[in-house]
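Coordinate inspection notes
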Amino acid sequence: MSTPADVQTVQARHAELTAQVREHNQRYYEQDAPTISDFEYDALARELRELEALHPELLTGDAPTLTVGGRPSTLFEKVRHPTPMTSLDNAFTDAELSEFDDKVARALNLKLGEHTFTYTCELKIDGLSINLYYVDGVLQWAATRGDGETGEKVTANVEGIPGIPTVLPGLKGELEVRGEVYMSRAAFLAYNVAAEEEGRPLLKNPRNGAAGALRQKNAAETRRRNLDVILYSLGKRDGVPVRSQWEVLEWLRAQGFAVSEFSRRVEGSAAAALYHAEMTAKRPELPFDADGSVVKLDDLRLQDEAGYTSRAPKWAIAYKFPADQAQTVMNDISIQVGRTGKLTPVAELQPVQLEGSTVSRATLHNEDFIRGLDLRVGDTVLVHKSGGIIPEVLRVVLELRPPDAVPYVFPTHCPVCGHTAERQEGAAGTFCTNPACPAKATLRVQYFASRDVLDIKGLGERLVVELVNSGLVRDPADLYALQPEQIEHLAMGETTTGAVRKVGRKTADKLVAEIEASKTRELWRFIRSLGLPGVGEGTSTRLARVYPTLAALQAATAEELARIPDIGAATAEVLASGLADPDMQAFVTRLVAAGIQPTASADVQTGEQLAGLSFVITGTLSRPRDSLKAHLEAHGARVGSSVTSKTSYLIAGEDGGGKLSKASELKVPILDEAALNALLEERGVALG
Ligand SMILES: NC(=O)c1ccc[n+]([C@@H]2O[C@H](COP(=O)([O-])OP(=O)(O)OC[C@H]3O[C@@H](n4cnc5c(N)ncnc54)[C@H](O)[C@@H]3O)[C@@H](O)[C@H]2O)c1
Ligand SMILES: [Zn+2]
C-alpha cells in the first residue's frame, strides 16, 4: 500500500520527468540543438516509462512517451505521410532482447519456448529519418518524419545524395521508401577541419550535421555537408513482390537504392544478440555513427499480425550500444601554440578507456569553449569521441565539482616565448603577438612543407625543429637559401638504439633538390602557404583563379575580394588586412626574391580558366559583343548586362557611356581591349 506522501513524490517525479523529456524532445527534434547526450536522455525517458508502467493512472493522452519526434518546422511545406512513420522501442541488455522475443510470441499467440523467429538485424544509423514517396515509379517528394503523421518536405535537399533513384521503371501505384539520412564520419571530420581553419562554426556531431543540413534552406550549405543515405524499409508498397524484411533490403538494392552492407538474417534472438555483440566490437571502425542495432521480425505477414503500439512497431526493437562516453577527471589545462600563433587549450585528463583506446587529452578549442562549459581544473567531465575519433569534452559533472575549483583564467602570455597574447576582433582565438615566436616559426615551416601545402618531401617535423633551433630558418622563405653543407650535420631523429641520426650528405643533396623543385608548385599552394586566417584549399583555389600572381593578390582590396564567389564581405576584410600586414608583405617579397615561379592551378581546365569571374561589356569593340560574350562564357566566366558590386571587370570599348561611371562608383576595375587581351593571355585563354 502506498502512503499519500509516496503518491505525492511519485506524482512530482512524474511531472518533473515529463517536463524534462518534453523540453529535450523540442531541443533535439525541432531545434537540432540538444543540451544533454542521448544516453542521459534515454535514462530519463526510461525512468518515465517505468514510472508509467507502475502507475498507469499517470499516463495521459499527450504524454511524450506516446508520441513520435517533434513538430514539423514552419520553414518547410508540410506533407502527410501516406502511412505513419514510427519510432522504435529500446532494449539495453541481452535479457531485454529475449523479453522482446517473448513479447512477439505473445502478440502472435504462440506458446513461449516453442518458437524460433527469423530476424533481420541491421545497424541503427544515427541520422535523420526520411520518407521518399513515389507514384508510378516517379519520386514525388522527400520528407522528414516530423511527428510521424506529418513531415517537412525537403525534396530539394536530398537531391544529389547518392543512392536515391528518382525514377523506378515499370512500377505502378504508390511506394514509400524509408531510411536514414546521415553524415559519414569522414565527411563530418573533413567538414570540421575546414570549418576550424576557415573560422566557421563547428558541427557538434554527425547527426546534428545531417539534421541541420536536411532541415535548412541554403542548398549550398546542404551540399557542403556531403550527406549520405541508407534505405531500409517500405511504407506503401503497391506491386512490390516481397515477403520478408530481408527481401525488402534485396529489392531496394536491386532498384539502385543505397543499402547497408552490415545487415544479416539470423535464426532466433540469441543469434541476434550475437550480431549485436559483433557490431558493438566493430563500432569504432564503422564509417558512420550508429547507436545500436535494430532487430526486426523478418516475415512481413507476421509483422502485420503483431502490429503497432501508439508509437512503435511490436515486431522490432532497437538494441542500444553501451555508452560511448566516459567520465574522468580533468587534471589540468595546457596550452599549445599553433602555426598562426593561436593558443589552443587542451584538457589533460586522467587516462580513461573509451571505445577501445586510452584517452588522456582532448582539445578545448578556445577561451569561449571553456567558458561555455564553465570548465574548471579538477572538474569531473564527460568525454566522447567526436566522429568516432577525436576526443572531446561534452560537459562538466557539476555534482562532482571540488568545492575549491575556480573559474579558469585564460593566459595573457604565450607559454612558449612569453610575449603578450591577445584576442583579435571578430575571431574566437587568442594569438601570440610575437612575430618571431619560435613555436610559430617551427609550425609555419612545417605547415609550408606539408603535403597539403608545398609538399616538400623529406622535410619532416623533426628536421624543421632542428632548422629553426639552429637559426638557419626563421620563416619558410629561408628554406630556399639552404645549402647541403649547412644541413648534413643536423640531427634528423634517433636510430632504433637511441643514437642520433644525422642527415648526411646524400639526403641533404636530395632535400635541397626537393626544396628547389617546390618553387614551381601550383599557385594555390603558395597562397595557402601564407597561412591567412580562413584560407584553406577551397579559398586558395578560388583566389588563384582570380589573381595570377602573389603580387597581384597582395594588391587586392577588400572590395575586390568580396566580389569572388563564396567570399563574404567579412572574410574579404580579414583577408585584405592580413595581406596588407607589413610582416606578410615582407614575407611575400622574400618568397618572390627567392625565385619561386608558381604555375597555374592544375584544377583549372580548359573551359574553366575564367571560372569565378564576371564581366560586363560596354561600348564598341573590335569584335562583335555577342561573340566576345560567348568566348568568355565558354571559358567559365559569367557575362552580365549591368554593373553591380559583384562584377569583376567592366570591359569598355569606345563610347562606354553610363556603365563607366557606375563602374568607377562601385570601384569595379575597367579593362580596355588591350588589358582584356593581357588578362586572357595570362589565363591561357586564346584571344578568340
Ligand atoms: N539528446 C537529447 O536531448 C535527445 C532528445 C530526444 C531524442 N534523443 C535521441 O533520439 C533517439 C530517440 O528518437 P527516435 O524516436 O527517433 O527513436 P530511435 O532513434 O530510438 O528509433 C527510431 C528511429 O531509428 C532510426 N533508424 C536508424 N536505423 C534504422 C534501421 N536500420 N531500421 C529502422 N529504423 C532505423 C529511424 O529513423 C527511426 O525513426 C534516441 O537515440 C534518443 O537518445 C535525444
Ligand atoms: Zn609566442
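Residues numbered from 1 in each chain as written. Chains lettered and ligands numbered in written order. Predicted model: local features only at pLDDT ≥ 70, side-chain atom pairs only at ≥ 80, totals over all residues.

With respect to the sheet that holds strand β3 (residues 118-125)
Cut-off, in case you're wondering: A strand pair is defined by DSSP finding two or more bridges across the two strands. Under the DSSP-based scheme used, a helix requires at least four consecutive residues in state H or I and a strand at least two consecutive residues in state E, with every element numbered from the N terminus.
Strand order in this open sheet of five strands is β2-β11-β10-β3-β9, and the pairing throughout is mixed. Each having just a single partner strand, β2 (90-91) and β9 (264-267) make up the two edges of the open sheet. Note that β3 and β9 share four bridges and pair antiparallel. Bridge pairing links Tyr 119 to Val 266 in β9.

Brief notes about the UniProt feature "binding site: Zn(2+)" (unreviewed entry) in the chain
Counted only if it meets this: UniProt positions are given in the numbering used here, feature names are shortened, and annotations may be inferred rather than shown by experiment. With C-beta atoms placed from the backbone, a residue is buried if 20 or more other C-beta atoms are within 10 Å of its own, exposed if 12 or fewer are, and partly exposed between those counts. By definition, residue pairs are in contact when their C-beta atoms, positioned from the backbone, come within 7 Å.
Residues annotated in UniProt with the feature "binding site: Zn(2+)" (unreviewed entry) correspond here to Cys 414, Cys 417, Cys 432 and Cys 437. For the annotated residues, spread through 24 residues, the largest C-alpha to C-alpha distance comes to 8.7 Å, consistent with a single compact locus. Mapped onto the elements of the fold, Cys 417 is located in the loop between β16 (390-396) and β17 (421-423). Residue classification places Cys 417 among the partly exposed residues on the basis of 17 C-beta atoms within 10 Å. If we skip the residues at most four places from it in the chain, Cys 417 touches Cys 432, Asn 434, Cys 437, Pro 438 and Ala 439.

Topic: the site of ligand 1
The following threshold applies: Working rule for contacts: place C-beta from the backbone, and if it is within 6 Å of a molecule or strand, that residue counts as near it. Classes in brief: Ala, Val, Leu, Ile, Met, Phe, Trp, Tyr, Cys and Pro nonpolar; Asp, Glu, Lys and Arg charged; the others, Gly included, polar. For every domain, the bounds stem from an assignment made automatically or drawn from a database.
Near ligand 1 there are 24 residues, and of these Tyr 28, Pro 34, Asp 38, Ser 87 and Ser 129 occur at the shortest range. Within the residue set of the shell around ligand 1, elements represented by two or more residues are α1 (4-30), α2 (38-54), β3 and β10 (290-297). The biggest single contributor to the shell around ligand 1 is α1, with four residues. Residues that form the shell around ligand 1 fall into these classes: 10 nonpolar, six polar and eight charged. Taken together, domain 1 (4-67) and domain 2 (89-320) each give at least three residues to the shell around ligand 1, which thus spans both.

Some thoughts on the packing of helix α3 (residues 94-107) against helix α9 (residues 269-282)
For the record, the criterion: Angles run from 0 to 180 degrees between N-to-C directions of axes, and those axes are lines fitted to C-alpha atoms, restricted for helices to the stretch in contact. Each crossing gets its handedness from the near helix: less than a right angle anticlockwise from the far helix is left-handed, clockwise is right-handed.
Their axes nearest at 10 Å, the elements α3 and α9 cross at an angle of 140°. When the axes of α3 and α9 are compared, the crossing they make is right-handed. On the side of α3, the interface is formed by Asp 94, Leu 97, Ser 98 and Asp 101, while α9 contributes Ser 269, Ala 272 and Ala 273.

Brief notes about the sheet that holds strand β5 (residues 138-144)
The strands making up a sheet are joined through hydrogen bonds of the backbone, oriented either antiparallel or parallel. Judged by pairing direction, the sheet is antiparallel, and its four strands sit side by side in the order β5-β4-β7-β8 without closing on themselves. Each end of this open sheet is capped by a strand with a single partner; those strands are β5 and β8 (227-237). On average, adjacent strands in this sheet sit at an angle of 25° to one another, irrespective of strand direction. Strands β4 (128-135), β5, β7 (174-183) and β8 of the sheet are contacted by helix α6 (residues 206-214), whose axis makes an angle of about 130° with β7.

Regarding the environment of Trp 251
Tracing the sequence through the fold places Trp 251 in helix α8 (residues 245-254). When the C-alpha positions of Trp 251 and Pro 241 are compared, they lie 8.4 Å apart, and in sequence the two are 10 residues distant. Apart from the residues lying within four places of it in its own chain, the contact partners of Trp 251 are Val 240 and Val 242.

Concerning unusual backbone geometry
A positive phi angle is found at Asp 136, which is not glycine, with a value near 50°. Structurally, the position occupied by Asp 136 is in the loop between β4 and β5. Among the residues examined, Asp 136 registers 14 C-beta atoms within 10 Å and is labelled partly exposed. Unlike most non-glycine residues, Asp 455 shows phi in positive territory, near 55°. When you line up the elements, Asp 455 lands in the loop between α12 (438-449) and α13 (461-469).

Details of the confidence of the model for the chain
Close inspection of predicted coordinates is inappropriate for parts of the model with low pLDDT. Inclusion rule: On a range of 0 to 100, pLDDT expresses the predictor's confidence in each residue.
Looking at the chain, the pLDDT average stands at 89 and 97% of residues meet or exceed 70. Reported for the predicted complex are a pTM of 0.70 and an ipTM of 0.94.

Here's the deal with the pairing of β5
Here β4 runs beside β5; their pairing, made up of six bridges, is antiparallel. The partner of Asn 131 across the bridge, within β5, is Ala 143. In sequence, β4 turns back onto β5 through a hairpin of two residues, with Asp 136 there showing a positive phi of about 50°.

Quick notes on the pairing of β10
Of all eight residues in β10, seven are buried, a share of seventy percent or more. In terms of strand pairing, β3 meets β10 through seven bridges, oriented antiparallel. Paired with Thr 120 across the strands is Lys 296, a residue of β10. Both β10 and strand β11 (residues 316-320) contribute to a ladder of five bridges, which runs antiparallel. Residue Val 294 lies in a different strand from β11, and its bridge partner there is Ala 318.

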